[in-house]
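Listed below, chain by chain, are the residues.
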Amino acid sequence: MSLDWIYYAISWILLTWHSAWDAIGVPVNAVIGTNFAWILAIVFLVVTVRVILFPVFVKQIKSQRAMQALQPKVKELQEKHKGDRETLQKEMMELYRKEKANPLMGCLPMFLQIPVFLGLFHVLRRLDPAKQSKTLYGWTVDQFESASQAKLFTAPIAGKFGSTADELARLGANGTTVKIIAGVLVLLMMATTYLTSRQMILKTGWAEDPQQRMIQRLMLYGIPLSLLISGAIFPIGVIIYWVTNNLFTLGQQQWVLRKFPPPVTATKAASTAASRNPVQPAKSGGLFGRGKTAPQAPVKATAPKVAAPKPGAKPMNPKKSRPAKRQG
């Protein structure tokens, strides 16, 4: 299957934004070693894609809420079919089907952005002055030449950490500068990727479902670590896209989690209350826990300061008591 339609779409968005920034007066030539019109074109490619995918993001949040609401039932199934993984998986899939919950919906926005990432990767790899076909995917020769010379702090956006000496020579770039800029961006890419996953997990908690927990661990640790190696082959422009996309995700998730906070399960509420009031007696029922309290020892159990008279004995009044008579 040809992916040319993706390359044409990515190129059209990039060129449209570049023309827009050029029209409003953003310098085309390098300022502080940076061609801001092209950098902003990549940044707003992210904005365009995220606006298009916003309805999918809303569906992702709804699916996550549905999965959280099913956690008590999932835990019951795990206890019921402990040791029988095959039956457990069948029961859980039936539960998800019945409740119309999709465990993979949480990853859907990321999967939909993969074609955009691959398209940008392909387009930027073509920004080699030695290329003969400079007018592919709707580019003009002038646009191709301008983009191939675009830089971020003197490092070409088409360059990468693993660029060969010949590639750097064709781009007119310094190898040390490219490695420093690309290395810093790769570290930022890893850090922001980790933070986006950590932000969501801290707000929603670890899943009870082993499959969901495995996906959470993969997104939290596996993907950032893989970027340490794969980042060496990414053009600088692609890494700018990735970091910008992560920052957009952090802001969007923070807004959604504040506006639509995740439901608090009974277990989470109990653990939170216990951590905040470790010495307080447990409460049951009532709004905000102000209903009936758990049975406590009666107040009379505490010993009084003055001893009470024994049952049946006359109370003694020290003022009226007389001294005992002496025996002769």
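It should be emphasised that the depicted structure is a prediction, and the values quoted were computed from it without experimental measurement.

Draft legend 1. Focus on the pattern of salt bridges. Applying the stated criterion across every chain, the model contains 5 salt bridges. In this structure, Glu79 engages Lys82 in a salt bridge whose closest nitrogen and oxygen atoms are separated by 3.4 Å. The partner of Lys134 in a salt bridge is Glu145, with the nearest N and O atoms 2.5 Å apart. A residue pair is termed long-range when its members are at least 10 positions apart, and Lys134 in the loop between helix 6 (108-125) and helix 7 (141-148) and Glu145 in helix 7 qualify at 11 residues. Of the residues examined, Lys134 reaches a relative accessible area of 16% and is grouped as buried. Given a relative accessible area of 24%, Glu145 falls into the partly exposed group.

Draft legend 2. Molecular detail of the packing of aromatic side chains. Under the defined criterion, the tally for this structure stands at 11 aromatic pairs. On the basis of an interplanar angle of 40° and a centroid distance of 6.5 Å, the ring pair of Tyr194 and Tyr221 is categorised as tilted. You can see Tyr194 sitting in helix 9 (residues 175-204) and its partner Tyr221 sitting in helix 10 (residues 210-230), a full 27 residues away along the chain. Among the residues examined, Tyr221 registers a relative accessible area of 41% and is labelled partly exposed. Across from the ring centre of Phe161, 5.6 Å away, lies the NZ or CZ of Lys179, which sits over that ring. Above the face of the Trp206 ring, Arg217 is positioned so that its terminal group lies 4.9 Å from the ring centre.

Here is what the cut-offs are and how they apply
Residues numbered from 1 in each chain as written. Predicted model: local features only at pLDDT ≥ 70, side-chain atom pairs only at ≥ 80, totals over all residues. Heavy atoms only, no water. Salt bridge = Lys/Arg side-chain N within 4 Å of Asp/Glu carboxyl O. Helix = DSSP H or I, 4+ residues; strand = E, 2+ residues; numbered from the N terminus. Buried < 20%, exposed > 50% of the residue type's maximum accessible area, 1.4 Å probe, protein only. Phe/Tyr/Trp six-rings, centres within 6.5 Å; stacked < 30°, edge-to-face > 60°. Lys NZ or Arg CZ within 6 Å of the ring centre and 35° of its normal.

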